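# Residue-level structure breakdown
Listed below, chain by chain, are the residues.
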Amino acid sequence: MQSVAIIAFAGIKKAEEIPSKTYCYFWKTALSISTKSLHIHGNHAVIDKLFCENNIDYSILKGCSSAYYYPRPDYRSMGDVDFIIKEEDYERTNNLLLQNGFTRWNKNTKHHIVYTKKNIHIELHLQPAGVPDKGKYSIVLKEFFADIFEKNEKVRNLVDFNKPSHFHHGLILLCHTYHHLLSEGIGLRHLCDWAVFVNSFSDEEFKDMFEEKLKKASLWKFARLLSLTAVHYLGLPYREWMGECEEDFTCSLISDIIEGGNFGQKDKERYSQGSIISNKGEDGISKNMPAQFITWANSVIETKWPKAKKIRILIPLGWIVFGGRYAIRMLFGKRKNIVSKKIVVKAKSRKEIYSNFDIFKD
């Protein structure tokens, strides 16, 4: 549930101290995940070949790009194939995928478009997840990502693929991590991805690459606290740029990660909690819970009805349509109360932890 089964199994030093039945189950689980992960590595190669043959610039978000920084890339549990393309290439890319047997998922999502083909699941992005739609920090982050394709590099790491530059990959990891952490939650895999990435650079190299820019983007403190948590609990070597923080905080953060699991797998109420904490981190966490819930509900309506972004009269209509439908389903026991006392209490506790990050805070 933390998506680190392969790493954990590989780390066993004294197998004889584990009951044989448990060891056998663990081995089968790790082998199954490893087989699936290698298949997904292969899916990255399918996309690389298709796009390169048709001159489409792309870059892999996380996935093989994250595995690249691991001592053993095959030990990283893989998810979907996420990639980013230029906005002007969208129609051409969409047509190319459809012509090559991919089916477009008809469910509206704000951050990506899903395509499937047999055992291949891919997600097309026009910008990395977590980048705000508007405001000061939206401008800053979009400027940082403006040259992502110019600084791409073709690498071979089990398979060939286009990897973002070190700076862009680090920024993608941070944006993706707060995007999910402040909503449904992250697993240990996310923290491992960050730890092995940080461990690839010396103290000075990391500072030169990130300190000034992350301070400008109001993400430097988040990067430091995430790193210190990896120092305390994953054995990442301490670096001077990380500064100091109370170990009570990193204990609270690692406990939150372990309690929720990868994308909230261990706590099905995490997403509901996230709806009153933040808009997936994209506007920080400065709003009070009622205001944040309204912002979240409006974003849901805008996702389901994209025209609502421009035709604002659709927003109150959406409250009636979607809110009414949810209330009816809740009365019949088909949906849970997303603002119960238990959810509010837990959301408040999580928000107290995340407020230490000062994300997008002037």
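Here is a short report on the structure shown in this document.

Rules used throughout
Residues numbered from 1 in each chain as written. Predicted model: local features only at pLDDT ≥ 70, side-chain atom pairs only at ≥ 80, totals over all residues. Heavy atoms only, no water. Helix = DSSP H or I, 4+ residues; strand = E, 2+ residues; numbered from the N terminus. Rg over C-alpha atoms; globule rule 2.2 N^0.38 Å. Buried < 20%, exposed > 50% of the residue type's maximum accessible area, 1.4 Å probe, protein only. Contact = heavy atoms within 4.5 Å. Areas by Shrake-Rupley, 256 points an atom, 1.4 Å probe, with all protein chains shown as cover. Lys, Arg positive; Asp, Glu negative; His and termini not counted. Charge placed at Lys NZ, Arg CZ, Asp CG, Glu CD. Salt bridge = Lys/Arg side-chain N within 4 Å of Asp/Glu carboxyl O. Expected span 1.5 Å × (residues − 1). Bend = angle between axes of the 7 residues up to and from the residue. Pairing = 2+ DSSP bridges. 1 Å grid on protein atoms, 1.4 Å probe; cavity = no way out; pocket = protein on both sides within 12 Å on 5 of 7 lines; lining within 4 Å. Points joined across faces, edges and corners; volume = space filled by probe spheres on them. Nonpolar A, V, L, I, M, F, W, Y, C, P; charged D, E, K, R; others polar. Arc of directions from axis to C-beta. Patch = residues over 30% accessible without salt bridge, like charges linked within 9 Å, V, L, I, M, F, W, Y side chains within 5 Å.

A word on the overall build of the protein chain. On a plain count of helices and strands, the protein chain comes out with 14 helices and eight strands. Computed over C-alpha atoms, the radius of gyration of the protein chain comes to 21 Å, within 12% of the 21 Å expected from 2.2 N^0.38 for 362 residues, which places it in the range of a compact globule. In terms of principal-axis extent, the alpha carbons of the protein chain reach across some 60 × 50 × 50 Å. Per-residue burial for the protein chain yields a buried fraction of 51% across its 362 residues. Of the contacts made within the protein chain by residues no fewer than 6 positions apart, 66% connect residues no fewer than 24 positions apart. Counting every atom, the protein chain has about 18200 Å² of accessible surface; 55% of that belongs to carbon and sulfur. Taking the average place of the 53 positive charges on the side chains of the protein chain and the average place of its 42 negative ones, the gap between the two points comes to 9 Å.

A word on the pattern of salt bridges. Counting across every chain of the model gives 18 salt bridges. Taking the shortest distance from any N to any O, the salt bridge between Lys151 and Asp147 comes out at 3.1 Å. Given a relative accessible area of 46%, Lys151 falls into the partly exposed group. Residue class for Asp147 comes out buried when judged on its relative accessible area of 19%. The shortest N-O distance in the salt bridge between Lys221 and Asp358 comes to 3.3 Å. On the criterion of sequence distance, the pair formed by Lys221 in helix H9 (residues 220-234) and Asp358 in the segment after helix H14 (341-354) is long-range, its members being 137 residues apart. Connected through shared salt-bridge partners, Lys221, Asp358 and Lys361 make up one network.

Helix length check: helix H8 (residues 203-216), at 14 residues, gives a terminal C-alpha distance of 19 Å against a target of 20 Å (1.5 Å per residue), a fit within 8%. For H8, the principal kink sits at Phe210 and spans about 40 degrees. Three or more residues of H8 are buried, namely Asp203, Phe206, Phe210 and Leu214. The inward-facing, buried residues of H8 contact helix H6 (166-181), helix H7 (188-198) and H9.

On to the pairing of strand E7 (residues 159-163). With four of five residues buried, E7 lies mostly within the body of the structure. Alignment of strand E6 (residues 153-157) against E7, held across five bridges, turns out to be antiparallel. By the bridge assignment, Val155 is partnered in E7 with Phe161. Between E6 and E7, which pair antiparallel one after the other, the connecting turn spans one residue, and Leu158 there sits at a positive phi close to 80 degrees.

Time to look at empty space enclosed by the protein. For the coordinates displayed, the defined rule picks out one cavity of 30 Å³ or more. Within this model, the largest cavity holds a volume of roughly 40 Å³. Considering only residue class, the lining of the largest cavity consists of four nonpolar, two polar and one charged.

Tyr90, Thr93, Asn94, Leu96 and Leu97 are the residues of helix H4 (residues 90-99) that are buried. With its buried residues spanning 165 degrees around the axis, H4 presents them on a single face. For H4, exposure combined with an orientation more than 90 degrees from the buried face picks out Glu91 and Gln99. Looking at the buried side of H4, the elements it contacts are helix H2 (20-53), strand E2 (81-85), strand E3 (103-104), strand E4 (113-117) and strand E5 (120-125). Gly101 lies just past H4 and shows a positive phi near 90 degrees.

Looking at the secondary structure, you find Asp48 in helix H2. Along the backbone, Asp48 and Leu225 are 177 residues apart, and their C-alpha atoms lie at a distance of 35 Å. In contact with Asp48, other than residues within four places in its own chain, are Tyr58, Lys154, Asp160, Phe161 and Asn162.

Together, Glu204, Glu205, Asp208 and Glu240 make up a negatively charged patch on the protein surface. Of the residues examined, Glu204 reaches a relative accessible area of 47% and is grouped as partly exposed.

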